[in-house]
Amino acid sequence: MQKYGVLVVDDSSFMRRCISLIIEKDPQLFIIGIARNGIEAIEKVQRLKPDIVTMDVEMPEMDGMTALKEIMRVCPVPVIVLSNQTDKDPETTFQALELGAADFYLKNALLEENVKPEIIREFLDRLKAIAQKARKCGKKEIKQKTDSEKVSEILDNILSKSEDLIKTKTGAADLLIIGCSTGGPSALQSILPRFPKDTHVPIVVLQHMPPGFTKPLAERFDAICNLRVKEAEDGDIVEAGNIYIAPAGYQTFFDKKANGVIALRVKDCPSVKTLYKPSINVTLDSAAPIYRERLLSVILTGMGNDGLVGCETVKKYNGKVIVEAEETCVVYGMPKVVYEAGLADIQVPLSDIFHEIMLCIGNKYVLGINNRNCNTTEL
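Residues numbered from 1 in each chain as written. Predicted model: local features only at pLDDT ≥ 70, side-chain atom pairs only at ≥ 80, totals over all residues. Heavy atoms only, no water.

A count of helices and strands for the protein gives 13 helices and 14 strands. The 379 residues of the protein split such that 58% are buried. A total accessible area of about 16,000 Å² is found for the protein, and carbon and sulfur atoms account for 49% of it. (Helix = DSSP H or I, 4+ residues; strand = E, 2+ residues; numbered from the N terminus. Buried < 20%, exposed > 50% of the residue type's maximum accessible area, 1.4 Å probe, protein only. Areas by Shrake-Rupley, 256 points an atom, 1.4 Å probe, with all protein chains shown as cover.)

What follows covers helix 1 (residues 13-23). Because an α-helix packs 3.6 residues into every turn, residues spaced three or four apart end up facing the same way. What helix 1 keeps buried is the set Met-15, Arg-16, Cys-18, Ile-19, Ser-20, Ile-22 and Ile-23. Buried residues belonging to helix 1 abut strand 1 (4-9), strand 2 (29-35), strand 3 (52-55), strand 4 (79-83), helix 5 (107-111) and helix 6 (117-137). Two to three positions downstream of the cap, the backbone nitrogen of Phe-14 sits 3.3 Å from a side-chain oxygen, assigning the N-cap of helix 1 to Ser-12. (Contact = heavy atoms within 4.5 Å. Polar contact = N/O pair within 3.5 Å; in protein donor to acceptor, adjacent residues only side chain to side chain.)

Of the two faces of strand 5 (residues 103-106), both are covered, the one formed by Asp-103 and Tyr-105 as well as the one formed by Phe-104 and Leu-106. Bridge count between strand 4 and strand 5: four bridges; the pairing is parallel. The partner of Leu-82 across the bridge, within strand 5, is Tyr-105. (Pairing = 2+ DSSP bridges.)

Bringing the pattern of salt bridges into the picture now. Per the counting criterion, the structure on display carries 22 salt bridges. Taking the shortest distance from any N to any O, the salt bridge between Glu-91 and Arg-220 comes out at 2.6 Å. Taken as a pair, Glu-91 in helix 4 (residues 89-99) and Arg-220 in helix 9 (residues 214-224) lie far apart in primary sequence, 129 residues in all. When salt bridges with common partners are traced through the structure, they connect Asp-26, Arg-121, Asp-125 and Lys-128 into a single cluster. (Salt bridge = Lys/Arg side-chain N within 4 Å of Asp/Glu carboxyl O.)

Below, the discussion takes up unusual backbone geometry. With an omega of 10°, the peptide bond running from Lys-277 to Pro-278 counts as cis. If you trace the backbone, Pro-278 turns up in the loop between strand 11 (262-267) and helix 10 (280-291). The phi torsion at Glu-61 lies on the positive side, around 70°, for a residue other than glycine. Residue placement: Glu-61 occurs in the loop between strand 3 and helix 3 (64-74). When its relative accessible area of 68% is taken as the criterion, Glu-61 is described as exposed. The phi angle at Cys-269 is positive, at roughly 50°, despite the residue not being glycine. Inspection of the secondary structure assignment puts Cys-269 in the loop between strand 11 and helix 10.

Before going further, it helps to spend a moment on helix 10. Helix length check: helix 10, at twelve residues, gives a terminal C-alpha distance of 16 Å against a target of 16 Å (1.5 Å per residue), a fit within 8%. Summarising burial for helix 10: nine of the twelve residues are buried, a large majority. Listed as buried for helix 10 are Ile-280, Asn-281, Val-282, Thr-283, Leu-284, Ser-286, Ala-287, Ala-288 and Tyr-291. (Expected span 1.5 Å × (residues − 1).)

The next thing to look at is the nonpolar core. Ranked by size, the top nonpolar core spans 61 residues in total, and within it Phe-195, Leu-300 and Ile-357 carry the most contacts. Broken down by element, this core gets its largest block of residues, seven residues, from helix 13 (residues 350-361). Membership of the second largest hydrophobic core comes to 28 residues, among which are Ala-246, Ala-288, Tyr-317 and Val-338. (Core = buried A, V, L, I, M, F, W, Y, C linked by side-chain atoms within 4.5 Å.)

What follows is about the packing of helix 10 against helix 11 (residues 308-316). Orientation of helix 10 relative to helix 11, taken along the N-to-C sense of each, is 10°, at an axis distance of 7 Å. Here helix 10 is positioned roughly parallel relative to helix 11, judged by the angle of their axes. The hand of the helix 10/helix 11 crossing is left-handed. Across from Asn-281, Leu-284, Asp-285 and Ala-288 in helix 10, the residues of helix 11 making contact are Leu-308, Val-309, Gly-310, Cys-311, Thr-313 and Val-314. Here the contact of helix 10 with helix 11 is composed, by residue class, of six nonpolar, three polar and one charged. (Axes fitted to C-alpha atoms, helices over the stretch in contact; angles between N-to-C directions. Parallel < 35°, antiparallel > 145°, perpendicular 65-115°, else oblique. Left-handed = near helix turned anticlockwise from the far one by under 90°. Nonpolar A, V, L, I, M, F, W, Y, C, P; charged D, E, K, R; others polar.)

Before going further, it helps to examine the side chain of Gln-251. One can find Gln-251 in strand 10 (residues 251-256). Take Gln-251: its relative accessible area is 0%, and that puts it in the buried class. A polar side-chain atom of Gln-251 sits 3.0 Å from the main-chain carbonyl oxygen of Tyr-276. Setting aside chain neighbours within four positions, we find Gln-251 in contact with Arg-265, Val-266, Lys-267, Asp-268, Cys-269, Val-272, Thr-274, Tyr-276, Lys-277, Pro-278, Ser-279 and Val-282.

Moving on, we get to the sheet that holds strand 9 (residues 242-245). Pairing is parallel across the open sheet formed by seven strands, whose spatial order is 8-9-7-6-12-13-14. Both edges of this open sheet fall to strand 8 (228-231) and strand 14 (346-348), since each of them pairs with a single strand only. Strand-to-strand twist of the sheet, defined as the mean angle between neighbouring strand axes without regard to direction, takes the value 20°. Two strands pair when backbone bridges link them, and strand 6 (residues 175-180) and strand 7 (residues 203-207) are joined in this way by five bridges, in the parallel orientation. When the bridges of strand 7 are listed, Leu-176 appears paired with Ile-203.

What follows is the structure, encoded as structure tokens:
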């Protein structure tokens, strides 16, 4: 049984102890060390060589963001940012992801009274999956690429394809649904800004996030995308030219009215038994009977199996499924279960996802740089 060493970084001795006790519940994880601030974290990452780090944000002497940036520069290792749920946390979290953090988690979700066992289990499984991927890839590949490097790689990949490959696949789609979890914001950064203004299908994105984080995510993408990006609201009419980010804490459904207009229904739905809000399964199950063979679903990096049941429904109605390949996933969980179930029409690395989408949706696909985001603006 492989074991993974965790460095716990937090200025509070109480928090360090609580986080350590949670981590030690899993026999595959052990505490290799603790650090009280960013300076200690950098020194111990270099000396102890942990498999993964949990990083507090606000600390004396050196904060978590400064430490994260330096760790990615001198000794790259997967870092999970643990933050408190405050008004400024979304901005801090997105900054951490831009600096190379593998993922983030809210402390209160782990430490609240009567926390559900499945929440703890999901957190521990996420730590192990990220650490395992890092060990498998080798430390030299852990450092996250900058946004400019990602976009340059994608453009190179697109421009290297011959013109005769750039043609629409049979059966253009009328709706694109993208589902992702761990590593999703960075993956979306490599896809959403590439859609041209004349993209003729609406796009719905389901990103596993805590409540309060999806609206700032939508606002950030709206600033760098050609299409309008907004957090989905109950009653929104599903229209081309829009990217709808499903709100965290709710389930998102599709509702086809008598006049043929399709709207989004955003509901709390406590009766729906699922760990995830939003749930990719719930939304795909709702969309598939309406869009049938003209639904395209894309499953990107993420922990767990959300999307598996939904993709079964998509295939039942002859829709198409694209999944991200293991080599570019932060966690090869959700795409893996869909692929191994035989539900994927194609599995490709992240740099090829946009190309495959454009072939499926039937939009005119012009090679070259044709949108306002080629300045690689950061998320």
